[in-house]
Amino acid sequence: MLRIFAAPKRALEVEAMRLAHPSATVLATDKAMNSFSSARPVQGHRAWNRGVGPLSWSPAMTELAHPDRLAKARAMRARGEDPFPPRGVKAESIAELLAGAGTLEAPGPRFGTKATIAGRLHAQRDFGKLIFAPVQDLTGKLQIGLKRDALEAWWPNRKELDAGDLVGVTGELGRTQKGEVTLWVSEIQLLSKAYAPPPEKWHGLVDVEARYRRRYVDLWASEGVLDVFKKRSKIVSLVRRFLEAQGYLEVETPVLHPIAGGATARPFITHHNALDCDFYLRIAPELYLKRCIVGGLERVFEIARNFRNEGISTRHNPEFSMLELYEAQADYRRMMEIGETLLEHLAREINGTTVVTFRGKEYDLKAPFKRERYTELFRRHAGCEFDDEPAVRKKATELGLKDPGNYWKLMNDVFEATVEDHLTGPLFVVDYPVQISPLAKQSPEDPRLTERFELFIAGMELGNAFSELNDPEEQERRFREQVASKDPEAPGEVDIDYVQALEYGMPPTAGFGIGIDRLVMVLTNQDSIRDVLLFPALRPLAKEPEAPKAP
RNA sequence: GGGCGCGUAGCUCAGUCGGUAGAGCAACUGGCUUUUAACCAGUAGGUCCCAGGUUCGAUCCCUGGCGCGCUCACCA
C-alpha cells in the first residue's frame, strides 16, 4: 500500500524498490505522502512482512512485495544479472521425468541422465552445504538437490533464491538416501523473481475468499486445484470431440441480444454507443441456434457463456457455461440417448469408471438412465394431479409457498419443493406441462404435456431438453402469453424475428442444454460451482478509504 | 434480498468473565552434506475489520457499516 513507500525501514530498501520498479517513485510523491502523513503513525515493519497479504485494494507494487526480495533483485542487477531474464529455458515435463526415473529396485531409462526442468521453487530445506527443494511445473513436483561442491561459483548467492521464485535447473536425475527421485543440480538460473512470498507452506491458501480472488496463487499453492481445472479442460475437449464425431458443427452465436430470450431469467443490460441502443447479454443461445437449424446447419452445438442477473450460490454464478446442441430430424428421445452416452463416456475418460462420487454419495453414470414422468412424480410426492388447481393450491399453502401470481409457476414450485430432493439420479424427468415449457413441442399423446425432459443428478438439475416447437403460429401465441404475464423474468417483447425464422420452416428438431459447470462439479466431486470456475464472480474490492483528516 | 455464522501477526489459529495480546509456520541472523511440515539457537513483526455508543478504561459489551462463508429464494 502507499504507506510502504512513505515509511521505509531502511534507505537501502527504498532504493531497491526504485530499481526494481520505477513506478514506485511516482507513488511516493505528493498524494501518497499527504494521505499518509495526515493521521497515521509510521507502521514500521508491519507492511513489509506480508505473505499472501490482505485482500485490500491497493495500487500496483503493493504491500505484497517483500523488501528482502526486492533487495535481492537489486543485488543481482548490480552484478549485471537480470532477475527477469528475457528468455525461458527448454525444459522437460516433470511427470515424464518421474515416469522415466522408475523405482529404486528397477531404475527407469532416465535414471542417471541429464535433464532440465523449469518451474516454481517451493520451500527450501537448507543444510548449510546442501539444500533440498521441490520444483513444481504444470505436470507435477520434483525435488532438486543443490550441493555446494557442485555449484561453487553460484553458492555464495544461494540466499537470493526464495520460495515462489521461478527457476530453470539442469542436473542429473538420481535419488537420495531415502530413495526419493531428485535432480542433482549442476546449473541453476532464476527465470523470474517472486516479489510476493507464497502462502504458508503447510496450510496453503485456506481462506476461501483469498483462494477465489488470488486463484493464480491457489492453483499452485493448494492441493488438487490444478487437477480440477485440467479435468475441466479435458471435459470440454471431450464434449467437442464426442459431438463432432456425430456430425455436429460448433458455431458461435451472438452474446449481445436485442431481446433476452430462450430461457426465463433476468438479463444484464449493456449499451452500444454507435448504434445508441441497449443490448442484453444472452441468457441462452437457444433461439439463435435454432435459427441455424432453419438455415440448414442440421446439427449444431455451442459451448455458450450465458449471463443471468440473479443471486450467487454454490450452484449459481452470474456467468456460466452451457452446452446447447440441436439436431434436425431428432426428437427428445434421441437427446436422452445423447445425454446418457455422453455422460457415461465423460465419466470413463475422466475417472476411468462410470461411478462418480459427489457430495459423499455414489452415482453410476452408466447408460441408460432411468426415466420418470413429471406427472407421476408429481402425483407420488405432492399427492395430487398437477392440473388439479384447488388441490395443488392447498398443497402449496401446506408447504408455505408464496403465490408467484401464476398457477403454473406455483405448480412447478410445488414440484420442486416436494419432488426434487428425491431425484438422486441420474434420472430423466420426462413430459413437462406445456405451460412451463414455452419452446417445447406438445406431446402427441397428451396436449397438456410437452416432449421435454430434465436431467437430474444428486437433486441438481444438469440439463434440459425437448422436441423443439416449430409451429410459428403456436410459438407466437406462447410468446405473447409470456409477455402478457408481466413476469420480470420473461422477455419484455415477442421475438418477431425468431417467429419469422420459423415461418420459413424449421425441420422437426430436438435440442439439449447441459450446464457445463455443474457437470464438471459432478465429474470432479466439487461441492461448489466456484471450485470449478477459475475466477468465480465476487464483489469487487472496496477502494482504499480516504485517510481521516487531521483535526 | 431474508436468516445464521465468521473477521486477532504475512498464513493457520489461541486468548482476554472489560485493564491495548500469544503459539506454530513464513521472514531475518547464526549453525548443520540426504531432508521432505527438516532440525537447533536468536531477532523482528499487531490501528485485535471499520465507525459510533456505554465505561475511568473496549480487541472483548451494544448499535450501525463493510467483507466473506453457509442457508433460503431463483435458475442451469
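Reading the values: rules and limits
Residues numbered from 1 in each chain as written. Chains lettered and ligands numbered in written order. Predicted model: local features only at pLDDT ≥ 70, side-chain atom pairs only at ≥ 80, totals over all residues. Heavy atoms only, no water. Helix = DSSP H or I, 4+ residues; strand = E, 2+ residues; numbered from the N terminus. Polar contact = N/O pair within 3.5 Å; in protein donor to acceptor, adjacent residues only side chain to side chain. Contact = heavy atoms within 4.5 Å. Core = buried A, V, L, I, M, F, W, Y, C linked by side-chain atoms within 4.5 Å. Buried < 20%, exposed > 50% of the residue type's maximum accessible area, 1.4 Å probe, protein only. 1 Å grid on protein atoms, 1.4 Å probe; cavity = no way out; pocket = protein on both sides within 12 Å on 5 of 7 lines; lining within 4 Å. Points joined across faces, edges and corners; volume = space filled by probe spheres on them. Nonpolar A, V, L, I, M, F, W, Y, C, P; charged D, E, K, R; others polar. Pairing = 2+ DSSP bridges. Axes fitted to C-alpha atoms, helices over the stretch in contact; angles between N-to-C directions.

Draft legend 1. View of the side chain of Thr 253. Within the element layout of this structure, Thr 253 appears in the loop between strand 7 (249–250) and strand 8 (256–257). A polar atom in the side chain of Thr 253 sits 2.5 Å from the side chain of Glu 302. Excluding anything up to four places from it in sequence, Thr 253 contacts Arg 282, Pro 285, Tyr 288, Leu 289, Cys 292 and Glu 302.

Draft legend 2. Looking closely at the nonpolar core. Ranked by size, the top nonpolar core spans 46 residues in total, and within it Leu 323, Leu 325, Met 335 and Phe 453 carry the most contacts. If you tally residues by element for this core, the top one is helix 11 (residues 332–351), at nine residues. Ignoring sequence-local partners within four residues, the contact set of Met 335 consists of Tyr 248, Leu 325, Glu 327, Ala 330, Phe 453, Ala 465, Ala 510, Gly 511 and Phe 512. Of all hydrophobic cores here, the second largest spans 25 residues; its members include Met 76, Leu 97, Val 169 and Val 181.

Draft legend 3. The layout of surface pockets, seen in detail. The computed volume of the second largest pocket comes to approximately 720 Å³. Taken together, 33 residues form the lining of the second largest pocket, with His 122, Lys 141, Trp 220, Ala 221 and Glu 223 sitting closest to its centre. With four residues, the top contributor of residues to the lining of the second largest pocket is helix 9 (residues 225–244). Within the lining of the second largest pocket, the residues separate by chemical class into 13 nonpolar, 10 polar and 10 charged.

Draft legend 4. Local environment of the pairing of strand 18 (residues 460–467). Strand 18 sits mainly inside the fold: six of its eight residues count as buried. Pairing of strand 17 (residues 452–457) with strand 18, which is carried by six bridges, proceeds in the antiparallel orientation. Counterpart to Phe 453 in the pairing with strand 18 is Ala 465. Hairpin connection of strand 17 to strand 18: two residues between the antiparallel strands, including Ala 458 at a positive phi of 55°. Note: strand 18 against strand 19 (residues 509–515), five bridges, orientation antiparallel. Counted as the bridge partner of Ala 465 is Phe 512 from strand 19.

Draft legend 5. Representation of the environment of Lys 395 in the model. Considering the arrangement of structural elements, one finds Lys 395 in helix 13 (residues 389–399). For the pair Lys 395 and Thr 418, spaced 23 residues apart in the sequence, the C-alpha separation amounts to 9.7 Å. The contact partners of Lys 395, leaving out residues within four places of it in the chain, are Ala 382, Val 414 and Thr 418.

Draft legend 6. Region of interest: the sheet that holds strand 17. Read from one edge of the open sheet, eight strands run 7-11-12-19-18-17-16-15, paired in mixed fashion. Where the open sheet ends on each side, the last strands, each with one partner, are strand 7 and strand 15 (370–373). The pairing of strand 11 (residues 299–307) with strand 12 (residues 319–328) spans nine bridges and is antiparallel. The residue of strand 12 that forms the bridge with Ala 304 is Met 322. Where helix 17 (residues 516–524) meets the sheet, its contacts fall on strand 12, strand 17, strand 18 and strand 19, and the angle it forms with strand 18 comes to roughly 130°.

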